[in-house]
Amino acid sequence: MSKISYVYGDNLYLNITNRCMMSCPYCIKRKWDNKFRGDNLKLEREPSYKEVILAIKDPKEYSEIVFCGYGDSLVNVETVKEISKWIKDNGGKVRVNTAGLANRYHSRNILPELKGFIDVISISLNGSNPKEYNEINRPMFKEESFNEVVKFAKEAKKCVPKVVITAVESLGFDISKVREIAEELGVQFKVRPYLTDEN
Ligand code: SF4
């Protein structure tokens with residue numbers, strides 16, 4: 001049975017959509033047949049607000065509730081907003097992991113709508129220029145995507161207390177250049193390991 005939430009470390013991860021603005025060849029959902037540490041993350045349908053709330057139960061039990069899963073939660077920005085509001089009202093902390101293309105995808109700046117509801121936004125930036133980024137991640141908006149992600153990170157600073165740019169190692173691009181971009185933007189930077197083992 002597919003899972004809409006799973007625990008990893010002290011956090012609870014929410015898997016609310018499998019839709020994504022990217023088609024990364026390195027995406028582990030293909031390699032691992034939509035499984036993650038034993039849980040099947042392939043959704044038969046996207047869960048409702050109520051189903052997600054029931055899955056969380058008590059947000060205070062976790063360090064963070066993280067919108068992650070196999071897909072980009074900000075495709076479903078209305079659901080993210082509703083669930084995050086509930087988590088905050090019930091004493092929890094919210095992080096959203098995203099590819100950073102939601103503003104372009106929705107053709108509007110969605111970040112002010114999330115103000116006050118999310119604590120951390122983690123934006124992946126795997127590539128240091130438009131061409132390289134397009135080749136590595138195969139995003140929906142091709143070579144325009146890189147600048148969209150950088151712009152998204154800049155906008156996020158105005159609405160979210162903590163903004164982190166992340167880069168996955170071993171994908172063949174110069175991570176130090178992405179670190180420089182994060183520094184120029186005045187946001188935090190984190191290197192993520194390339195996962196090779198499902199467990
Ligand atoms: S952004 Fe994440 S979920 Fe989407 S295709 Fe890339 S690795 Fe997979």
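Quick note: structure is the one above.
In every chain, residue numbers begin from 1 and rise along the written sequence. In view of the model being predicted, local features appear only for residues whose pLDDT reaches at least 70, and side-chain atom pairs are presented and counted only at 80 or more, with totals across whole chains, interfaces and linings using the full set of residues. Side-chain figures throughout are based on the complete set of non-hydrogen atoms in the structure, without hydrogens or water.

Draft legend 1. A look at the site of the ligand. The cutoff for a nearby residue is simple: one of its non-hydrogen atoms must lie within 4 Å of the molecule or strand. Near the ligand the following residues occur: Cys20, Met22, Cys24, Cys27 and Gly71. Ten residue types, Ala, Val, Leu, Ile, Met, Phe, Trp, Tyr, Cys and Pro, are classed as nonpolar, four, Asp, Glu, Lys and Arg, as charged, and the remainder, Gly among them, as polar. Taken together, the residues of the shell around the ligand break down into 4 nonpolar, 1 polar and no charged.

Draft legend 2. Seen up close, helix 3 (residues 77–89). Per the convention used, a helix needs a DSSP run of H or I reaching at least four residues, while a strand needs a run of E reaching at least two, with both numbered from the N terminus. Every helix has an expected span of 1.5 Å times one less than the residues it contains. A rise of 1.5 Å per residue sets the reference length of helix 3, with its 13 residues, at 18 Å; its end C-alpha atoms lie 18 Å apart and thus fit the reference within 8%. Restricting attention to buried positions, one finds in helix 3 the residues Val77, Thr79, Val80, Lys81, Ile83, Ser84, Trp86 and Ile87. Buried residues along helix 3 sit against strand 2 (11–14), helix 2 (49–56), strand 5 (65–67), strand 6 (94–98), helix 4 (102–106) and helix 5 (111–114). Buried residues are those whose accessible area, probed at 1.4 Å on protein chains only, stays under 20% of the maximum for their type, while exposed residues exceed 50% and partly exposed ones sit between those limits. Only heavy atoms matter for contacts: two residues are in contact if any of them lie within 4.5 Å across the pair.

Draft legend 3. How the structure looks around the nonpolar core. We call a set of buried Ala, Val, Leu, Ile, Met, Phe, Trp, Tyr and Cys residues a nonpolar core when their side-chain atoms join them within 4.5 Å. Counting 59 residues, the largest nonpolar core has Leu14, Ile56, Leu74, Ile83, Ile121, Leu125 and Ile165 as the members making the most contacts within it. In terms of residue count, helix 7 (residues 145–159) provides more of this core than any other element does, 7 residues in total. Apart from the residues lying within four places of it in its own chain, the contact partners of Ile121 are Leu74, Val96, Thr98, Leu111, Phe152, Ala156, Val160, Lys162, Val163 and Val164. One finds Tyr13, Ile28, Phe36 and Val66 within the second-largest nonpolar core, a separate group that totals 7 residues.

Draft legend 4. Seen up close, the packing of aromatic side chains. Stacked, tilted and edge-to-face pairs are distinguished by plane angle, under 30 degrees for stacked and over 60 for edge-to-face with tilted covering the rest, among Phe, Tyr and Trp rings (Trp via its six-membered ring) whose centres lie within 6.5 Å. Applying the stated criterion to the full structure yields 3 aromatic pairs. Aromatic side chains Tyr8 and Tyr13 sit 6.4 Å apart centroid to centroid with 55° between the ring planes, which places their arrangement in the tilted category. Overall, Tyr8 belongs to the partly exposed group, its relative accessible area being 39%. Joined through ring pairs, the aromatic side chains of Tyr6, Tyr8 and Tyr13 make up one cluster.

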